[in-house]
Structures are given as C-alpha cells and as structure tokens.
Amino acid sequence: MIPILIASVMLLGCLIDGLPYGYFQILRWVVCGVCGYRAYLSCTLEKKAWMWGFIFAAVLFNPISPIRLDRGVWAVTDVCLAVLLLLSLKAIRNGGR
C-alpha cells in the first residue's frame, strides 16, 4: 500500500513546474517497480485486465530504455496512472487479503 501511495504522489508531483531531471529518473524506477509488482500480483490473483494495464505502465515508465513523449502527454499519463494505482488498492488486495 505504501509504495502505491508514494508512486501516486510522485506521479501527481510531476505537474509541478521546475522539477529537476533527476526527479523524473527516480520516478521511472519507482513507477516501473511498483507497476511490475502490481502486474505480478494481478496475474497471481487472475485479474488479467489489471495485469495488462500494469505491464503497459511498467513498459511505458521503464528506466532502461525511456520512451519520449511531449510534456502534455506525460501530464495526462501521470494523472491517469496515479488514479489507476489508487483504484487498484481496492480492486487488487495484497495476496488476496
């Protein structure tokens, strides 16, 4: 739960102007890791739609081979993914709990 909240706050923090490039590099590692784990958890709980959404997000935010998009597209993507992560807290319980 805490990693999802951290990733969501960091994603919404991207809307602030003037952040250093290092922030976005760290964001990629955090979001990719959280989404990768959520994809794994979704797969084990047989929530296939959530799994594919998180796989897509992990690939989009991967830090090894960054995908370049316009700032406006990233802003919309960041907000949508933050909402998706927060919604997944209820839809996908950790370990089925």
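Relevant structure appears above.
What counts and what doesn't
- Residues numbered from 1 in each chain as written.
- Predicted model: local features only at pLDDT ≥ 70, side-chain atom pairs only at ≥ 80, totals over all residues.
- Heavy atoms only, no water.
- Helix = DSSP H or I, 4+ residues; strand = E, 2+ residues; numbered from the N terminus.
- Expected span 1.5 Å × (residues − 1).
- Buried < 20%, exposed > 50% of the residue type's maximum accessible area, 1.4 Å probe, protein only.
- Contact = heavy atoms within 4.5 Å.
- Salt bridge = Lys/Arg side-chain N within 4 Å of Asp/Glu carboxyl O.
- Axes fitted to C-alpha atoms, helices over the stretch in contact; angles between N-to-C directions.
- Left-handed = near helix turned anticlockwise from the far one by under 90°.
- Nonpolar A, V, L, I, M, F, W, Y, C, P; charged D, E, K, R; others polar.
- Core = buried A, V, L, I, M, F, W, Y, C linked by side-chain atoms within 4.5 Å.
- Arc of directions from axis to C-beta.

Some remarks on helix α2 (residues 21–44)
Right, on to step 1. With 24 residues, α2 should cover 34 Å at 1.5 Å per step; its first-to-last C-alpha distance of 35 Å lies within 8% of that length.
Right, on to step 2. Looking only at α2, the buried set comprises Leu 27, Arg 28, Val 31, Val 34, Cys 35, Arg 38, Ala 39, Leu 41 and Ser 42.
Right, on to step 3. Structurally, α2 contributes buried residues whose contacts are with α1 (2–13), α3 (48–60) and α4 (71–91).
Right, on to step 4. Once α2 ends, the next one or two residues include Glu 46, with phi positive near 60°.

A few points about the pattern of salt bridges
Pairs can form between side chains of opposite charge whenever their charged atoms are close.
Right, on to step 1. This model, assessed by the stated rule, comprises one salt bridge.
Right, on to step 2. Of the charged contacts in the structure, one is a salt bridge between Arg 71 and Asp 17, with a shortest N-O distance of 2.7 Å. Note that Arg 71 is positioned in helix α4 and Asp 17 in the loop between α1 and α2, a separation of 54 residues in sequence. For the pair shown, Arg 71 and Asp 17 are each scored as exposed.

A word on the packing of α3 against α4
Right, on to step 1. One can describe the packing of α3 onto α4 by two numbers: an axis separation of 12 Å at closest approach and a directional angle of 140°. Remark: the crossing between α3 and α4 carries left-handed chirality. When α3 is examined against α4, the residues Trp 50, Phe 54, Ala 57 and Leu 60 are found in contact with a partner set consisting of Trp 74, Thr 77, Leu 81, Leu 84, Leu 85, Leu 87, Ser 88 and Ala 91.
Right, on to step 2. Here the contact of α3 with α4 is built from residues that sort into ten nonpolar, two polar and no charged.

Some thoughts on the nonpolar core
If you look at soluble globular proteins, the nonpolar side chains tend to sit buried side by side.
Right, on to step 1. In this structure, Leu 11, Leu 27, Val 31, Cys 35, Phe 61, Leu 81 and Leu 85 are the most contacted members of the largest nonpolar core, which totals 22 residues.
Right, on to step 2. Of all elements in the fold, only α1, α2, α3 and α4 reach the threshold of two or more residues within this core.
Right, on to step 3. The greatest single-element share of this core, amounting to six residues, is contributed by α2.
Right, on to step 4. Once you skip the residues sitting within four places of it in the chain, Leu 81 turns out to touch Leu 11, Val 31, Cys 35, Ala 57 and Phe 61.

Observations concerning α4
Right, on to step 1. Here α4 spans 30 Å end to end across 21 residues, near enough to the 30 Å set by a 1.5 Å rise per residue.
Right, on to step 2. Residues of α4 that are buried include every one of Trp 74, Asp 78, Leu 81, Ala 82, Leu 85 and Ser 88, and no others. For α4, the arc enclosing every buried residue in end-on projection is 125°, short of the 170-degree limit, so these residues lie on one face. Set apart from the buried face of α4 by more than 90 degrees, the exposed residues are Val 76, Leu 87 and Lys 90.
Right, on to step 3. Those residues of α4 that are buried are in contact with α1, α2 and α3.

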